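Listed below are the residues making up each chain.
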Amino acid sequence: MKKIGILFGMENTFPNAFIERVNSKAVDGIIAEAVSIDKVVQADPTEYAVIIDRISQDVPFYRAYLKNAALSGTAVINNPFWWSADEKFFNNALAEKIGVPVPKTVLLPSRERPENTSETSFRNLAYPMAWEEIFQYVGFPAYMKPHDGGGWKSVYKVVNPQDMWHKHQETGHLVMMLQEEVVFDDYFRCYCIGQKDVLIMPYEPRNPHHLRYAAEIKATGEEREKLLETVRDYTLKLNVALGYDFNTVEFAVRDGIPVAIDFCNPAPDADIYSVGPDNFEWVVEAAANMAIERAQKHVPGQSNLTWGTFVKDAIGTPQMAAEPASVPSAPAAPVTSAKEVKVKSVAPKKALKPVEDKGFETILEPAPKIPTKKAAATKAPAKNSKLDKS
């Protein structure tokens, strides 16, 4: 008997529906249940062939449990090792490398120094930073958001440099990124299950939460079909490169071009009361089929994790390559094999100095200069700065 477990927290509708759907299919030798943890012993295997993770991003104990389970052969969805390392700023950079459009984005140092650090810890950080260049690149208005966050938490719209510096004071230890605003005509949120099944959902992020899926596609005719095919292709490319089996991708369509806004949601909202009955039915069915397939392919005692092409290509690249490594890209096979889906409307160092006739004497290097005595790297430039403060 192979067990499929689902690890979850406060959500109710999706986990229960997922368990019931898997069990209703009556696949020989496979059952689904809520994960139960009574002890976690290092290197001990779990009783589950597959675990769907919906909560470990909020519970470090669960994340450690899942890594131990994966080490012993459980197929954890999504890969807890990759998810622990992943963040939105990196995702944007990777998207550019594989040809998916993303907003212009820069990384900002945290307003407050991390614990157990001092000014000396930041001797490599220039002060002031190249704010004029940063602002010219991104433009205003813009959005400031955590580089590794989610759930629309700590997201600020900023209209000029002074507004950004003022709001940045509220961000504490968060490392933020500044991202250009994308004024869109259409907006989509796309489920991607098993790196092959895609559901494109019209979405309106400016609506109240319960009405965000109550949207319709504005593009029509041939333009609409071309747009949807591009959105589907980009969704698959991103998930194959990242290695996620259960994710959502959001696109803002500007001048007919889908721009990937958010694609690091490996425990995406799947509640019937927010996504709606039709979308809910699709994700429950697709997730159940994917979990059953992974259970059937499960090989006890070996790694059953999914890794993205970014990691797999990096592992296959010699350390001393004669030529620069090629940019990782999503393979064609998963894209062409994907199912067509219907769009729902809903210490100082020492140096040796030569001394004539005396051999060598030991001298100390001078202490490195600290570029700033300021605690905050995001303090506004001096009054004589050329930066337009309007």
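Residues numbered from 1 in each chain as written. Predicted model: local features only at pLDDT ≥ 70, side-chain atom pairs only at ≥ 80, totals over all residues. Heavy atoms only, no water.

Caption draft 1: Broad picture of the overall build of the protein chain. Helices and strands together make up the secondary structure of the protein chain, namely 11 helices and 14 strands. The buried share of the protein chain, reckoned over its 390 residues, is 45%. When the accessible surface of the protein chain is split by element, carbon and sulfur atoms take 53% of a total near 20,900 Å². (Helix = DSSP H or I, 4+ residues; strand = E, 2+ residues; numbered from the N terminus. Buried < 20%, exposed > 50% of the residue type's maximum accessible area, 1.4 Å probe, protein only. Areas by Shrake-Rupley, 256 points an atom, 1.4 Å probe, with all protein chains shown as cover.)

Caption draft 2: Representation of the pairing of strand β2 (residues 30–34). Bridge count between strand β1 (residues 2–7) and β2: five bridges; the pairing is parallel. When the bridges of β2 are listed, G5 appears paired with E33. As a crossover connection, the stretch from β1 through helix α1 (residues 13–24) into β2 is right-handed. (Pairing = 2+ DSSP bridges. Right-handed = clockwise from strand over helix to strand, strands pointing away.)

Caption draft 3: Quick peek at the sheet that holds β1. The four strands lie next to each other as β2-β1-β3-β4, forming an open sheet whose pairing is parallel. Strands with a single pairing partner mark the edges of an open sheet, and in this sheet they are β2 and β4 (75–77). Going from strand to strand, the sheet's axes swing by 20° on average, the running direction of each strand aside. With three bridges connecting them, strand β3 (residues 48–53) and β4 associate as parallel partners. Across the sheet, the residue bridging to V50 is A75, located in β4. Taken strand by strand, helix α2 (residues 60–71) contacts β1, β3 and β4, and its axis lies near 145° from that of β3. Against the sheet, helix α9 (residues 277–297) touches β1, β2, β3 and β4, its axis set at about 135° to β1. (Axes fitted to C-alpha atoms, helices over the stretch in contact; angles between N-to-C directions. Contact = heavy atoms within 4.5 Å.)

Caption draft 4: How the structure looks around the state of the cysteines. Under the definition given, this model contains zero disulfides. Not engaged in a disulfide, the cysteine C190 finds its nearest cysteine sulfur in C192; these two sulfurs lie 8.9 Å apart. (Disulfide = S-S within 2.5 Å.)

Caption draft 5: Looking closely at the pattern of salt bridges. Taken as a whole, this structure holds 17 salt bridges when the rule is applied. Across the pair E285 and R21 runs a salt bridge whose closest N-O atoms are separated by 2.8 Å. Of this pair, E285 sits in helix α9 while R21 sits in helix α1; the two residues are 264 residues apart in sequence, bridging distant segments of the chain. The closest approach of N and O atoms between E285 and K25, which form a salt bridge, is 2.8 Å. Taken together, the residues span a long stretch of sequence, with E285 in helix α9 and K25 in the loop between α1 and β2 at a distance of 260 residues. Residue E285 is classed as partly exposed on the basis of its relative accessible area, which comes to 26%. (Salt bridge = Lys/Arg side-chain N within 4 Å of Asp/Glu carboxyl O.)

Caption draft 6: The arrangement of the packing of α1 against α9 in detail. At a minimum axis separation of 9 Å, α1 and α9 run at an interaxial angle of 55°. The angle between α1 and α9 falls in the class oblique. Relative to α9, the crossing made by α1 is right-handed. In this structure, α1 contributes T13, F14, A17, F18, R21 and V22 to the contact, and α9 contributes F280, E281, V283, V284, E285, A287, A288, A291 and I292. A class-by-class count of the residues in the contact of α1 with α9 yields 11 nonpolar, one polar and three charged. (Parallel < 35°, antiparallel > 145°, perpendicular 65-115°, else oblique. Left-handed = near helix turned anticlockwise from the far one by under 90°. Nonpolar A, V, L, I, M, F, W, Y, C, P; charged D, E, K, R; others polar.)

Caption draft 7: View of the packing of helix α4 (residues 88–97) against helix α7 (residues 221–242). Packing of α4 against α7 brings their axes to within 11 Å, and their N-to-C directions diverge by 115°. Helix-helix and strand crossings are classified by hand; for α4 and α7 the assignment is right-handed. Touching F90, N91, L94 and A95 of α4 are L238, A241 and L242, all from α7. For the contact of α4 with α7, a count of residues per class yields six nonpolar, one polar and no charged.

Caption draft 8: Structural view of the packing of aromatic side chains. Here the structure, examined in full by the defined rule, presents 15 aromatic pairs. With 5.8 Å between their ring centres and 80° between their planes, F14 and F246 make a pair best called edge-to-face. Separated by 232 residues along the polypeptide, F14 in helix α1 and F246 in strand β11 (residues 246–254) bring together distant segments of the chain. Judged by its relative accessible area of 0%, F14 is buried. (Phe/Tyr/Trp six-rings, centres within 6.5 Å; stacked < 30°, edge-to-face > 60°.)

No statement about biological role is implied by the geometric values presented.
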